[in-house]
Amino acid sequence: MPLLIPVADSHAAAPRVELTGANLLRFFAVLTVIYSHISFYLIDDLGTGWWFIDVVYQIFIERAGLNQHLSFLGVAVFMMLTGVLITRSAIRHPPGRFLFNRLGRILPAFWVAILAAVVLVRLGINGMFGGQDGISNVDALLSFLLGGFFLKPEVAVLGVTWTLAVQILFYVACVAARPVLRATPIAMPLAGAAICSLILLYNLYVPQPFTVPMLSKIAATLPAVFLGQLIYLGWARLAEPRWIIIAGLAQVNVIHLATDFRVYWAGEHYLWTFAVVTACVVLVGRYDGPAAHWAVVRWTATRSYAIYLVHTLVLYRVYEHTVGHFGATGAIVVFLLVTALISEALYRWVELPASRWVAARIPDPGETTTSVEETPATARVASSHVLVRRAAGSGNR
């Protein structure tokens, strides 16, 4: 009797797919993430505006039909790239090596950023990304493990890092599903869609004291990762087109559920956002034209993780202290410059040494060149806006 889901031709097959346009996609994602937080801050928190927000609104919100503040656009790009780039590594490498590679590259910079966030809150310079006026020692410790996001109410000293929970959960899922990925890879995104749907239904129907809201947020975001995984499986010819379509429709169902249950946070156009991002990744992912090699694109892409970690730590204070002198545009330019400088320091002194340290301990003699997913620019994650409670006594974030 034939199997309903076809088995991969080779038990260990994981063909290389050159994603020459990855840096260009990361560059685009960084810009949209930074824009999203600026827009949320100026419009929703301060009740002011900026001419550039008006331009973006006219082009991308009213005409292109994306969400207000371009919400989730950058997140979806980064998450989809994760699915495309990490799936091959998960198939090829033993579980321990895979996790050591991934976590060893992202955790050091994350811990440094969390430490900075805790210190800034304790000094009264920044506020919490939630309803608290400060952070306890226990909550600070939990923040280093992403545990604060799973509390009720949520405790977030650095709100953007919630996407790391999605990222790490996907890594763990790849390890757990490695035998399936090596034998029947299409089964993982199919099972992922089913599990995400069950999580959304659980949080909808169980009594409120037993819900875990962060799990719904993760379940609503994972379809972007699984769509990226499907793109890789299609490009690598590890799954038949009909099964890729079926698994893609399963992700669409999860997005519909999350939209209907109001898990998403800024509009009703998330399915369209997923569709736009999927098209961008497919069309740009293997682009190798001049724009993919511009210095500004390469610099931004390789530092995108550092930018993601630090930009909300400096946005609110820098803008507050400079807008009176330089106006909104000047204050945002100063914020971008400060973010670039701090990101460069974090990249050079923390992220890059950590990547080299990991690479020195997991040499791969079978590879003659370095694949995209193994470069220091690997685990590029982004953020979505989380409202920030104003710091006690400061009147703002």
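Because the structure is a prediction, the values reported are computed rather than measured. Chains are numbered independently. Their residues run from 1 in the order of the written sequence. Totals for whole chains, interfaces and linings use every residue, but because this is a predicted model, local features are given only for residues with pLDDT of at least 70 and side-chain atom pairs only at 80 or more, for both listing and counting. The basis for every side-chain value is the complete set of heavy atoms in the structure, and neither hydrogens nor water enter the calculation.

Student: Is there a simple way to think about the nonpolar core in this case?
Tutor: Remark: nonpolar core denotes a set of buried residues (Ala, Val, Leu, Ile, Met, Phe, Trp, Tyr, Cys) joined through side-chain atoms within 4.5 Å. Each residue is assigned to one of three classes by its accessible area relative to the maximum for its type, calculated with a 1.4 Å probe on protein chains only: buried under 20%, partly exposed between the two thresholds, exposed over 50%. In terms of nonpolar packing, the biggest core is built from 123 residues, with V157, F170 and I186 touching the most fellow members. Secondary structure elements are taken from DSSP: a helix is a run of H or I of four residues or more, a strand is a run of E of two residues or more, and numbering for both begins at the N terminus. The leading source of residues in this core is helix α13 (residues 304–361), at 20 residues. Each residue touching F170, except ones within four places of it in the same chain, is listed here: T82, G83, I86, T87, M188, L222, V225, F226 and Q229. Throughout, a contact is declared for two residues whenever any of their heavy atoms are within 4.5 Å.

Student: Hey, could you run me through the side chain of S71 in this one?
Tutor: The topology assignment puts S71 in the loop between α2 (51–63) and α3 (73–92). On the accessibility criterion, S71 (1% relative accessible area) is buried. Any pair of nitrogen or oxygen atoms within 3.5 Å is treated as a polar contact; in protein, a donor-acceptor pairing is required on top of that, and neighbouring residues in sequence qualify only through side-chain atoms on both sides. In terms of polar contacts, S71 uses its side chain to reach the side chain of W265, at 3.0 Å. The residues contacting S71, other than those within four sequence positions of it, are S36, F40, W265, A266 and Y270.

Student: What's the story with unusual backbone geometry in this structure? I'm lost.
Tutor: Glycine aside, the phi torsion of most residues is negative, and most peptide linkages are trans. With an omega of 0°, the peptide bond running from K152 to P153 counts as cis. Checked against the element boundaries, P153 lands in the loop between α5 (137–143) and α6 (162–176). A positive phi angle is found at H69, which is not glycine, with a value near 65°. Mapping H69 onto the fold places it in the loop between α2 and α3. Taking relative accessible area as the criterion, H69 reaches 4% and is therefore assigned buried. Of note in this structure, R237 is not a glycine but carries a positive phi near 60°. Locating R237 in the fold gives a position in the loop between α9 (213–235) and α10 (241–260).

Student: Explain the packing of α9 against α10 here, please?
Tutor: Geometrically, a packed helix pair is captured by the angle between its two axes and the distance between the axes. Closest axis-to-axis distance for the α9/α10 pair is 9 Å, and the angle between their directions is 165°. Compared by their axis directions, α9 and α10 come out roughly antiparallel. Judged by the twist between their axes, the crossing of α9 over α10 is left-handed. Listed contacts from α10 to A219, A220, P223, F226, L227, L230, L233 and G234 of α9 are I244, A247, G248, Q251, V254, I255 and A258. Residues belonging to the contact of α9 with α10 are distributed by class as follows: 12 nonpolar, three polar and no charged. Convention adopted: a line fitted to C-alpha atoms gives each axis, helices being fitted over their contacting stretch, and angles between N-to-C directions are expressed from 0 to 180 degrees. Roughly parallel refers to an angle under 35 degrees, roughly antiparallel to one over 145, roughly perpendicular to one between 65 and 115, and oblique to any angle outside these ranges. Each crossing gets its hand from how the near helix is turned against the far one by less than a right angle, where anticlockwise is left-handed and clockwise is right-handed. As a working rule, the residues Ala, Val, Leu, Ile, Met, Phe, Trp, Tyr, Cys and Pro are called nonpolar, Asp, Glu, Lys and Arg charged, and the rest polar, with Gly in that last group.

Student: Mind showing me how you'd approach a nonpolar patch on the surface here?
Tutor: Patch rule: a residue counts if its relative accessible area is over 30% and it has no salt bridge; like charges are joined within 9 Å, and nonpolar side chains (Val, Leu, Ile, Met, Phe, Trp, Tyr) within 5 Å. All accessible areas in this document rest on Shrake-Rupley with a 1.4 Å probe, and a residue is counted as covered only by the protein chains that are shown. By definition here, a salt bridge exists when the distance from a side-chain nitrogen of Lys or Arg to a carboxyl oxygen of Asp or Glu is within 4 Å. Among the surface-exposed residues, W51, F52, V55, I59 and F60 lie close enough to one another that they form a single nonpolar patch of about 460 Å² accessible area. Along the chain, V55 turns up in helix α2. The class for V55 is partly exposed, based on a relative accessible area of 36%.

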